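One-letter residues, chain by chain:
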Amino acid sequence: MKALDKAKILKAAIRGHGKMTLFDRFCAGDIDEHMDIFLDIHVTKDVVIRAGIAIFQNIYHAPGTTLGAIRYNMFSRKAAAGLIKPETLPPTEGAATQHSLRADLQTRDWMLLQSMSLDPSDYGWMMADSIPLHPVRKNSRKNVYYKAGKHTRYQVEDEASHLDEMPLMMSEEGFENDESDYHTLPRALVNQRQQGLGWFLLGCWKLWCSSCCGWLSYMCCRKKEAKARNVWLGCPEKCEEKYPKNAIKNQKYNIFTFIPGVLYQQFKLFLNLYFLVVALSQFVPSLKVGYLYTYWAPLGFVLAVTMIREAVDEVRRCRRDKEMNSQLYSKLTVQGKIQVRSCDIQVGDLIIVEKNQRIPADMIFLRTTEKTGACFIRTDQLDGETDWKLKVAVACTQRLPALGDLFSINAYVYAQKPQLDIHSFEGNFTRDDSDPSIHESLCIENTLWASTVVASGTVIGVVVYTGKETRSVLNTSHAKNKVGLLDLELNRLTKALFVAQVVLSVVMVAIQGFVGPWFRNLFRFTVIFSNIIPISLRVNLDMGKSAYSWMIMKDENIPGTVVRTSTIPEELGRVVYLLTDKTGTLTQNEMIFKRLHLGTVSYGTDTMDEIESHIVQSYAQVSEGSCPAAHISQPAAPKVRRSVGTRVYAAVKAIALCHNVTPVYEPGTGASTETENAEADQDFSDHNRNYQASSPDEVALVRWTESVGLTLVNRDLTSMQLKTPAGQILTFDILQIFPFTSESKRMGIIVREETTGDITFYMKGADVAMGTIVQYNDWLDEECGNMAREGLRTLVVARKSLSEEQYQDFESRYNQAKLSLHDRPLKVAAVVESLEREMELLCLTGVEDQLQAEVRPTLELLRNAGIKIWMLTGDKLETATCIAKSSHLVSRSQDIHIFRSVTNRGEAHLELNAFRRKHDCALVISGDALEVCLRYYEHEFVELACQCPAVVCCRCSPTQKAQIVMLLKQHTANRTCAIGDGGNDVSMIQAADCGIGIEGKEGKQASLAADFSITQFKHIGRLLMVHGRDSYKRSAALGQFVMHRGLIISTMQAVFSSIFYFAPVPLYQGFLMVGYATIYTMFPVFSLVLDCDVKPETALLYPELYKDLTKGRSLSFKTFLIWVLISIYQGGILMYGALLLFESEFVHVVAISFTALILTELLMVALTVRTWHWLMVLGEFLSLGCYVASLAFLHEYFDPAFITTPAFLWKVSLITLISCLPLYIIKYLKRRFSPPSYCKLTS
């Protein structure tokens, strides 16, 4: 579109004729997308367009600038009537600045209207002095003026509004936009009318109070903003600001906050707070209803156990932190090397890190002992990848003759402010003492992030980020105290019981007529009925969880399993979403070359010997002087059909050259360093060679070429050497390398063979990227599909021969593009693409990433159990998709929807609508697209994704993994479980309701941070299906039975008080109450932790049984009410029976009722048990024996003469029979006519 046409459209929009298509697109979308349309008519980002449509300016004030970046929101031609009155700038701008800004805007507006052939005098009302400037409202979440299918009178009607008219789900939530806010005209007018006395008295006061509160909260809660920095080499004292201390701290408490912190964590739960208040009330004489030890002993026991457990965990964390912070490193100073602790390292220090030593802080790589000027580092604890990464030293400092020369130069590093992204870095290295000054750009290849490990050589770096500003700390979330869903459910039930307790106490006092000291009686009744909420509930549950944890660790079928958080084992039985890492979790991260396809012939693992024979034969001909591929070396040679041997030779040679792999030689035993370095170029022995690369696929390809006879023996930054089957060394000069990126999906290399001088451009990549680059063929798409269905990772290999003139022309254009200051990536890509035309297709390779043992049956087991599995990985999209297919995470019958890359709100809207039309398909989405969707359509995206049978998120950062877990918890209210094995999975594991770590090749960081640690992925099946089921079922039964035990005795107390004139006198006192909750009933009740409804084999054979657990039917208000009714029935029978049958003395009532109560509890345990264990039987008889033995000593409560009479025995037996027999009959009838699902399977 020409500039004149653009001006006409703008002019038409100003005059209000026709639809404002161009402007509305500009207003509805991001300003950066459409700004190029207005550049030719003198409208830039710092000019406010005033042309008949009202403009609100959302102003962000950046430090050091006058106005900052101005973003725009335009609306409705209705505002063109001049309804907006002049207003001042926000108070943050001074008067002089306002005047200068308005003058600048007025001048630019005048020029704009003149350039469009308009009379500025006709539009004087639109000058800068009349334009209101509104600051953005920071916390805006939803735009109420964009409703699906609805338009307000002030909404723009344009062609771009079709996005709002398209419903994005069944709901009409509208768009969520965090970046802009829409101020409407009526609201602006109303605000102007409020400037009166009433507004001053009410609104002004309210505004003043809110401003003061906001200022106070800001001052108290503000965090120091991280900034970019200049770091002088070896001069920490030159730092402009004070930076965080480089100390690792995982402790939750210190010596002063331990006791208050633990007490707060305990008493913030309603249950414990209630017990504390009841126990404190017994210090008041008028409220005392029993002995102090009956209330303080159980509470003190609970707090003591909790504090001891927390203290042990805190000591362990302290020891680990102290060990990490005390590691010694060599610091380079003017006087030489000194030893410093890791926690004492500062920004600007020059630190020397030896091989296999952890990097203590984020550094810029200055020098290395490797002569290539590069080194390898291991990043498994940062990004979860076990492959080594190649890092390059700053060229200026690497060229210095000696290490001490770093202090003889005047240089500094400019580093951007601390970022979350571990895959990018922007900075500059500047040396001022040279003429001219040396400037060198820094990128991710020049960085050494903390928590990585040096794998080769010794490195020297300057520290740029320390402590909490390092990438590893920024991507790690702090551990939080996890509370299980069952604990929350029990907490709600205890609140309901408390309400019932208070109501019952009020009823007792009300029936008395509120006479006398009724308030004191009310509190005494509340204390008397405190058994409704038994304190033994917390004790029994905690001991039960410890027992479950012990059983998990002692299970011989899952050896090596460790329970690190013993408070949430029942969470394993409630999992709905399982979020898993890929590398090292589902896969072993060991690539094996499986297939080579040449178009007409295919080679598998059983025919690799044929390839080896072709290679031996081809290089034998080369040594004789007749190269089998000589006729295709020249670019102008005519096309002829080549033999199979020639094609195999060309394919293997291309695979051996087109990569970024470096051979590493381990030193021999007893050899000195000098000898190793001296012989490194000559001795290429196979026994101590190891390959390192950023991709395991490339290592697998190079290992395969070695197995067929062509071996990579040496590589540096400028050349590589191959060894033929005959032992001859071939040298190739590396002219250019084009690394793999997620956007290009391919990598290339240009090499020159030293002997012949031939220049060849090799390229390999994904089929979607290479399909349009290679020459026409009729087999590539079909074979790629066949290999993908087998779960193989495919790579297409091609080549192109270049003449010297062609390469020189390309090199000049390529170097010129790299020096460009504007759009450098686009220009470089365009130059490279000029070579990527009509390339010769050589072969198609298939590599298999070996899965962990029994991954496929385990995933199938979990799917059948109703668990939805999401795979979150930092790997590229193609790799993640292949693993999802090969592991059967996505079944063969399911379609896969690959969510295309989106960059703005409009694209995300359209793509989500396209995805909404798909049914029963797996979703594959990249981290960048996910971030855009969550920014604008968080609720809609999660709702759509949760309907998918499987979701694969690739290129996810550690923070994004944790964010996905939090979204699922917030939007679905279901329990999540995260499993991973690397340091990059720690945030995800800690964010999930239940975190599982695998102790594997990537270290122990995930294992130590997880709630449960296993050794293999297949163990998760038994962990969830068997132990998760048992823990949840047992805890639910135990919790409800303990509450029943308190409810039944409280019912008896209520009946007793109602008969004896509603007097607040306890029925049982002293040791009877303590013994009832401990030795008389504790062993049988606690034996419920051994109960089991189905055998482990049945639970694994029928995983569908797990679905019932996620519905929470074992512990619900329905089951709770059933137990309440049982308690009321049994309590009433026991108390009324004892009152009817007692004889002359009141002590007989206590003896009969309490004995019947103990027998009833023992029989109820037997009624609840589903699978008997010998310890259960022992517990029953042990408790009964303890009670019978105590009768001989408790003369205060029992009459020895009465309890030995037959009358006592038959009365107790009759009451117990009446209280329990109906329940046994009901249970039999229920199992007979409506058995549970597990009974059907076991029968």
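Going by the structure above, here's the rest.
Residues numbered from 1 in each chain as written. Predicted model: local features only at pLDDT ≥ 70, side-chain atom pairs only at ≥ 80, totals over all residues. Heavy atoms only, no water.

**Details of the overall build of the protein chain**
What counts here: Helix and strand assignments come from DSSP, with helices taken as H or I runs of at least 4 residues and strands as E runs of at least 2, each series counted from the N terminus. The buried label goes to any residue with under 20% of its type's maximum accessible area, the exposed label to any with over 50%, and the partly exposed label to all in between, with areas taken from a 1.4 Å probe on protein chains only. Any two residues whose heavy atoms approach within 4.5 Å at even a single point are treated as in contact. Working definition of accessibility: Shrake-Rupley area with a 1.4 Å probe, residue cover restricted to the visible protein chains.
The secondary structure content of the protein chain amounts to 44 helices and 35 strands. A total of 1243 residues make up the protein chain; the buried ones form 52% of that total. Long-range pairs, those at least 24 residues apart, make up 73% of the contacts in the protein chain between residues at least 6 apart in sequence. As displayed, the protein chain offers around 57,400 Å² of accessible surface, 58% of which is attributable to carbon and sulfur atoms.

**A closer look at a nonpolar patch on the surface**
The condition is simple: Patches here are clusters of residues that have more than 30% relative accessible area and form no salt bridge, with a 9 Å joining cutoff for like charges and a 5 Å cutoff for nonpolar side chains (Val, Leu, Ile, Met, Phe, Trp, Tyr). The rule for a salt bridge is simple: a side-chain nitrogen of Lys or Arg has to be within 4 Å of a carboxyl oxygen of Asp or Glu.
Among the surface-exposed residues, Leu1163, Leu1217, Leu1221, Tyr1224, Ile1225, Tyr1228, Leu1229 and Phe1233 lie close enough to one another that they form a single nonpolar patch of about 800 Å² accessible area. The dominant element in the nonpolar patch, judged by the number of residues it contributes, is helix H43 (residues 1206-1233), at seven residues. Exposure remark for Phe1233: the relative accessible area of 65% places this residue in the exposed category.

**With respect to empty space enclosed by the protein**
Put simply, the test is: Both site types are read off a 1 Å grid over the protein atoms alone. A 1.4 Å probe that fits but cannot get out defines a cavity, while an open set with protein on both sides within 12 Å along at least five of seven lines defines a pocket; lining residues have an atom within 4 Å of a point. Grid points are joined across faces, edges and corners, and a volume is the space filled by probe spheres set on the points. Asp, Glu, Lys and Arg are counted as charged, while Ala, Val, Leu, Ile, Met, Phe, Trp, Tyr, Cys and Pro are counted as nonpolar; the rest, among them Gly, fall into the polar class.
This structure, assessed with the given rule, holds five cavities of 30 Å³ or more. Of the pockets and cavities examined, the second largest cavity occupies roughly 80 Å³. Leu269, Leu271, Asn272, Asp487, Leu490, Asn491, Thr494, Leu537, Arg538 and Leu541 together form the lining of the second largest cavity. Broken down by element, the lining of the second largest cavity gets its largest block of residues, four residues, from helix H14 (residues 485-512). Residues that form the lining of the second largest cavity fall into these classes: five nonpolar, three polar and two charged.

**Structural notes on the packing of aromatic side chains**
Quick note on the threshold: Any two of the Phe, Tyr and Trp rings considered here, Trp counted by its six-membered ring, make a pair once their centres fall within 6.5 Å; the pair's planes then place it as stacked at under 30 degrees, edge-to-face at over 60, or tilted in between. A ring is scored as having a charge over it whenever the NZ atom of a lysine or the CZ atom of an arginine sits within 6 Å of its centre and within 35 degrees of its normal.
Applying the stated criterion across every chain yields a total of 27 aromatic pairs. Considering the side-chain rings of Phe525 and Phe529, the 5.9 Å spacing of their centres and the 15° angle between planes classify their relative orientation as stacked. Accessibility expressed as a relative area gives 0% for Phe529, which makes it buried. Taking the ring centre of Trp232 as reference, the NZ or CZ of Lys238 above it sits at 4.6 Å. Taking NZ or CZ as reference, Arg1232 lies 5.7 Å from the ring centre of Phe1233, over its face.

**Section: the pattern of salt bridges**
Tallied over the full model, the rule gives 33 salt bridges. A salt bridge links Lys961 to Asp581, with the shortest nitrogen-to-oxygen separation between them at 3.4 Å. Of the two residues, Lys961 sits in helix H31 (residues 958-972) while Asp581 sits in the loop between strand E17 (575-580) and strand E18 (587-597), which places them 380 residues apart along the sequence. Judged by relative accessible area, Asp581 falls into the buried class, the value being 3%. Residues Arg799 and Glu840 are paired through a salt bridge, measuring 3.2 Å at the closest nitrogen-oxygen approach. Here Arg799 is found in strand E27 (residues 793-802), whereas its partner Glu840 is found in strand E28 (residues 840-851), with 41 residues between them in sequence.

**Here's the deal with helix H26 (residues 855-864)**
Note the cut-off: To be clear, the arc concerns the directions from the helix axis to the C-beta atoms.
Looking only at H26, the buried set comprises Val855, Thr858, Leu859, Leu861 and Leu862. Looking straight down H26, one finds that the buried residues subtend no more than 155° of arc, so they occupy a single side. Turning to H26, the residues buried within the fold contact E17, E28, strand E29 (868-872), helix H34 (1019-1059) and helix H37 (1096-1101). Just downstream of H26, Gly866 is the residue with a positive phi angle, here 85°.

**A closer look at a negative patch on the surface**
Let me state the cut-off plainly: Under the convention used here, Asp and Glu are negative, Lys and Arg are positive, and both His and the chain ends fall outside the count. In this description, the location of a charge corresponds to atom NZ of lysine, CZ of arginine, CG of aspartate or CD of glutamate.
Residues Asp606, Asp609, Glu610 and Glu612 make up a contiguous surface patch of negative charge. Structurally, the position occupied by Glu612 is in helix H17 (residues 608-623).

**Observations concerning the packing of helix H9 (residues 270-281) against H14**
This is how the line gets drawn: Simply put, an axis is a line fit to the C-alpha atoms, just over the touching stretch for a helix, and the angle between two N-to-C directions goes from 0 to 180 degrees.
Contact pair H9 / H14: the axes reach a minimum separation of 9 Å and the direction vectors enclose 35°. The residues of H14 that touch H9, namely those facing Phe270, Leu271 and Tyr274, are Asn491, Thr494, Lys495, Phe498 and Gln501. Class assignment of the residues belonging to the contact of H9 with H14 gives a composition of four nonpolar, three polar and one charged.

**Re unusual backbone geometry**
If you check the backbone angles, Asn356 has positive phi at about 65° while not being a glycine. In the Ramachandran plot, Ala973 falls in the positive-phi region, its phi being about 60° despite a non-glycine side chain. Structurally, Ala973 is set in the loop between H31 and strand E33 (975-980).

**Structural notes on the packing of helix H8 (residues 258-267) against helix H10 (residues 293-325)**
Applied cut-off: Throughout this description, any angle smaller than 35 degrees is read as roughly parallel, any larger than 145 degrees as roughly antiparallel, any in the 65 to 115 degree range as roughly perpendicular, and the remainder as oblique. Should the near helix be turned anticlockwise from the far one by less than a right angle, the crossing is left-handed, and should it be turned clockwise, the crossing is right-handed.
Closest axis-to-axis distance for the H8/H10 pair is 11 Å, and the angle between their directions is 125°. What the angle tells us is that H8 and H10 run oblique. In terms of crossing hand, the pair formed by H8 and H10 is right-handed. When H8 is examined against H10, the residues Phe258, Ile259, Val262, Leu263, Gln266 and Phe267 are found in contact with a partner set consisting of Leu299, Leu303, Thr306, Met307, Glu310 and Ala311. Among the residues forming the contact of H8 with H10, the class breakdown is nine nonpolar, two polar and one charged.

**Remarks on the nonpolar core**
Let me state the cut-off plainly: Remark: nonpolar core denotes a set of buried residues (Ala, Val, Leu, Ile, Met, Phe, Trp, Tyr, Cys) joined through side-chain atoms within 4.5 Å.
Ranked by internal contacts, the top residues of the largest apolar core, which has 92 residues, are Ile867, Ile996, Ile1020 and Leu1024. Broken down by element, this core gets its largest block of residues, 12 residues, from H34. The residues contacting Ile867, other than those within four sequence positions of it, are Val575, Val576, Tyr577, Leu578, Leu862, Leu1024, Met1025 and Tyr1106. With 44 residues, the next largest nonpolar core counts Val661, Leu722, Met747 and Val847 among its residues.

**Some remarks on the sheet that holds strand E9 (residues 388-392)**
The test is simple: By definition, two strands form a pair when at least two bridges between them are found by DSSP.
Pairing is antiparallel in the open sheet, where three strands are placed in the order E9-E8-E14. Looking at the sheet topology across the chains shown, the edges are occupied by E9 and strand E14 (453-454). Relative to E9, strand E8 (residues 374-378) runs antiparallel, the two being bridged by five bridges. Among the inter-strand pairings, Arg378 is bridged to a residue of E9, identified as Trp388.

**A word on the sheet that holds strand E13 (residues 447-448)**
What the six strands build is an open sheet, ordered E5-E4-E6-E15-E7-E13; its pairing is antiparallel. Of all the strands in the sheet, just strand E5 (336-341) and E13 have a single pairing partner and so form its edges.

Purely spatial values, then, with no claim about function.
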